[in-house]
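Chain residues, written in single-letter form:
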Amino acid sequence: QTRSSGINAEYAGESKETTYFDEEAAAAKEAVDEAVALFEEVLSSVSDQKRTEIMRGSGLRVEQLKAELDQLLASDDH
């Protein structure tokens, strides 16, 4: 899920100066929001030890996705 979220954000960035930007940015936001929600759902359903393992393995990538989306939306001058 995080991979497809990143791809959506990348497409939105590439369409920044086009008429497709708003649509691509909305799709990227939806994908990132869904990925983050699923990640948090997984974290809440596992033991503390497993949660720590998951955070070490994927936590940084999830935070990176959120930051990339924030940067994309903040730089939108439409």
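Residues numbered from 1 in each chain as written. Predicted model: local features only at pLDDT ≥ 70, side-chain atom pairs only at ≥ 80, totals over all residues. Heavy atoms only, no water.

Colleague: Explain the packing of helix α2 (residues 21-44) against helix α3 (residues 48-74) residue by residue, including any values.
Modeller: Packed helices, taken two at a time, are described by the angle their axes make and the gap between the axes. Here α2 crosses α3 at 160°, and the two axes come no closer than 10 Å. With respect to α3, the axis of α2 lies roughly antiparallel. In this structure, α2 crosses over α3, and the sense of that crossing is left-handed. Of α3, the residues touching α2 (which contributes Phe21, Ala25, Ala28, Lys29, Val32, Val36, Phe39, Val42, Leu43 and Ser44) are Arg51, Ile54, Met55, Ser58, Gly59, Val62, Leu65, Lys66, Leu69, Leu72 and Leu73. Across the contact of α2 with α3, the residue classes break down as 15 nonpolar, three polar and three charged. (Axes fitted to C-alpha atoms, helices over the stretch in contact; angles between N-to-C directions. Helix = DSSP H or I, 4+ residues; strand = E, 2+ residues; numbered from the N terminus. Parallel < 35°, antiparallel > 145°, perpendicular 65-115°, else oblique. Left-handed = near helix turned anticlockwise from the far one by under 90°. Contact = heavy atoms within 4.5 Å. Nonpolar A, V, L, I, M, F, W, Y, C, P; charged D, E, K, R; others polar.)

Colleague: Residue-level account of α3, with values.
Modeller: The sharpest bend along α3 measures roughly 55° and falls at Ser58. Within α3, burial applies to Ile54, Gly59, Val62, Leu65, Leu69 and Leu72. (Bend = angle between axes of the 7 residues up to and from the residue. Buried < 20%, exposed > 50% of the residue type's maximum accessible area, 1.4 Å probe, protein only.)

Colleague: Help me get a handle on α2, residues and values and all.
Modeller: Helix length check: α2, at 24 residues, gives a terminal C-alpha distance of 34 Å against a target of 34 Å (1.5 Å per residue), a fit within 8%. Within α2, burial applies to Phe21, Ala25, Ala28, Ala31, Val32, Ala35, Val36, Phe39 and Leu43. (Expected span 1.5 Å × (residues − 1).)

Colleague: I'd like to hear about the nonpolar core, residue by residue, with values.
Modeller: Formed by Phe21, Ala25, Ala28, Val32, Val36, Phe39, Leu43, Ile54, Val62, Leu69 and Leu72, the largest nonpolar core amounts to eleven residues. For this core, the secondary-structure elements that each account for two or more residues are α2 and α3. Sorting elements by how many residues they give to this core places α2 first, with seven residues. (Core = buried A, V, L, I, M, F, W, Y, C linked by side-chain atoms within 4.5 Å.)

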